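Architecture and fold: a report
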Amino acid sequence: LVILTGAGMSSESGIKPFRDSGGLWEEYDVTEVATPGAWAKNRELVLRFYNERRRQLESSNPNEGHIGLAKLEKYFDVHIITQNIDNLHERAGSTKVLHLHGELTKARSTIDRSLIYEIGYKDIKPGDLCKKGSQLRPHIVWFGEEVPMMDEAAGIAGSADIFVVVGSSLNVYPAAGLISYAPAKASLWLIDPKEVVIPINRKVEVIQEKASLGIAILAEKLTKISHSKE
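Keep in mind the model is a prediction, meaning the values are calculated, not measured. (Residues numbered from 1 in each chain as written. Predicted model: local features only at pLDDT ≥ 70, side-chain atom pairs only at ≥ 80, totals over all residues. Heavy atoms only, no water.)

Moving on, we come to the pattern of salt bridges. Per the counting criterion, the structure on display carries eleven salt bridges. Of the charged contacts in the structure, one is a salt bridge between Arg 53 and Glu 52, with a shortest N-O distance of 3.8 Å. Of the residues examined, Glu 52 reaches a relative accessible area of 27% and is grouped as partly exposed. In this structure, Asp 123 engages Arg 55 in a salt bridge whose closest nitrogen and oxygen atoms are separated by 2.8 Å. Highlighted residues: Asp 123 in the loop between strand 5 (116-118) and strand 6 (136-140) and Arg 55 in helix 4 (residues 43-58), separated in sequence by 68 residues. For Asp 123, a relative accessible area of 28% corresponds to the partly exposed category. For Arg 55, a relative accessible area of 41% puts it in the partly exposed group. Through salt bridges with shared partners, a single network forms among Glu 103, Lys 106 and Glu 118. (Salt bridge = Lys/Arg side-chain N within 4 Å of Asp/Glu carboxyl O. Buried < 20%, exposed > 50% of the residue type's maximum accessible area, 1.4 Å probe, protein only. Helix = DSSP H or I, 4+ residues; strand = E, 2+ residues; numbered from the N terminus.)

So this is what it looks like as structure tokens:
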């Protein structure tokens with residue numbers, strides 16, 4: 001069971017998405033806080049933006065959707081590929097989580113991306129350096145940067161018997177293309193309260209609900225299918 005989660009997965013936990021109305025793009029210009037150019041231009045602003053996100057995450061909790069996905073591990077070999085930079089899947093109890101776009105609770109070296117540090121919910125300040133002497137930056141894949149975990153994610157998607165998309169608009173690439181890696185025999189599911197344009201011509205079971213309710217419905221349907229095959 002492979003699950004791709006997007007911003008809608010965490011919105012019920014109070015984590016603001018970038019894209020939706022009321023989201024972060026209305027407060028910040030993405031080019032000022034989430035691109036390599038922004039980092040070069042104004043490091044203090046970029047650090048402050050992600051420090052704020054980290055403080056928000058510390059006071060947020062996994063929602064019923066996160067908890068529901070963790071419970072599915074009792075019945076399935078669950079792999080979560082998330083576009084989200086929060087740690088709510090892990091805090092809910094999911095054990096196999098791949099972060100495509102980085103992790104808010106980590107920092108990394110500006111000159112050596114293999115130097116990654118666990119920082120929890122602490123701020124990254126100007127002057128905080130890696131062991132090679134360069135400024136620490138958020139461990140985030142910014143717009144315009146390559147997605148280093150993409151190959152691993154494609155491999156996981158390609159092993160799916162069941163592939164589920166939860167709370168993703170499917171218009172941020174390359175992540176949106178992962179559904180196309182699911183084998184032809186895999187059943188495809190989409191959970192989102194909004195209409196989502198699916199970028200492949202295959203049958204997809206749609207549950208048009210928020211993540212918490214949608215995952216409860218999905219769990220009921222999948223466990224029924226699983227029991228019927230036993």
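Next comes the rest of the account.
Taking strand neighbours across the sheet as the criterion, the six strands line up as 3-2-1-7-8-9 in an open arrangement whose pairing is parallel. In the strand order of this sheet, the two ends are held by strand 3 (97-99) and strand 9 (205-207), each with one partner. Adjacent strand axes in the sheet meet at a mean angle of 20°, parallel and antiparallel pairs treated alike. Along the sheet, helix 7 (residues 150-157) contacts strand 1 (2-5), strand 2 (79-82), strand 3 and strand 7 (162-166); its crossing angle with strand 2, the most-contacted strand, is approximately 140°. (Pairing = 2+ DSSP bridges. Axes fitted to C-alpha atoms, helices over the stretch in contact; angles between N-to-C directions. Contact = heavy atoms within 4.5 Å.)

Turning our attention to helix 7. Among all positions of helix 7, only Met 150, Ala 153, Ala 154, Ile 156 and Ala 157 are buried. The arc enclosing the buried residues of helix 7, seen along the axis, measures out at 160°, which places them on a common side. Close packing links the buried residues of helix 7 with strand 1, strand 2, strand 3 and strand 7. (Arc of directions from axis to C-beta.)

Burial of strand 7 is extensive: five of the five residues sit out of reach of the surface. Residues Ile 162, Val 164 and Val 166 line one face of strand 7 and the alternating positions Phe 163 and Val 165 line the opposite face, and both faces are buried. With four bridges connecting them, strand 1 and strand 7 associate as parallel partners. Its bridge partner lying in strand 7, Ile 3 is registered against Val 164. In this structure, strand 7 lies alongside strand 8 (residues 187-191), joined through five bridges in parallel fashion. Residue pairing for strand 8: Val 166 is matched across the bridge by Ile 191.

Right, let's get into the side chain of Ser 212. For Ser 212, the position within the fold is in helix 8 (residues 211-229). Dropping the residues within four chain positions of it, Ser 212 is found in contact with Glu 12, Glu 64 and Gly 65.

Take the sheet that holds strand 6 next. Within the open sheet, the three strands sit side by side as 5-4-6. Their pairing is antiparallel. Unpaired on one side and paired on the other, strand 5 and strand 6 mark the two borders of the sheet. The sheet shows a mean angle of 45° between the axes of neighbouring strands, taken without regard to direction. Bridge count between strand 4 (residues 102-109) and strand 5: three bridges; the pairing is antiparallel. Bridge pairing links Arg 108 to Ile 116 in strand 5. Its contacts with the sheet place helix 4 against strand 4 and strand 6, and it is angled at close to 140° to strand 4.

Any functional reading would require information that these geometric values do not contain.
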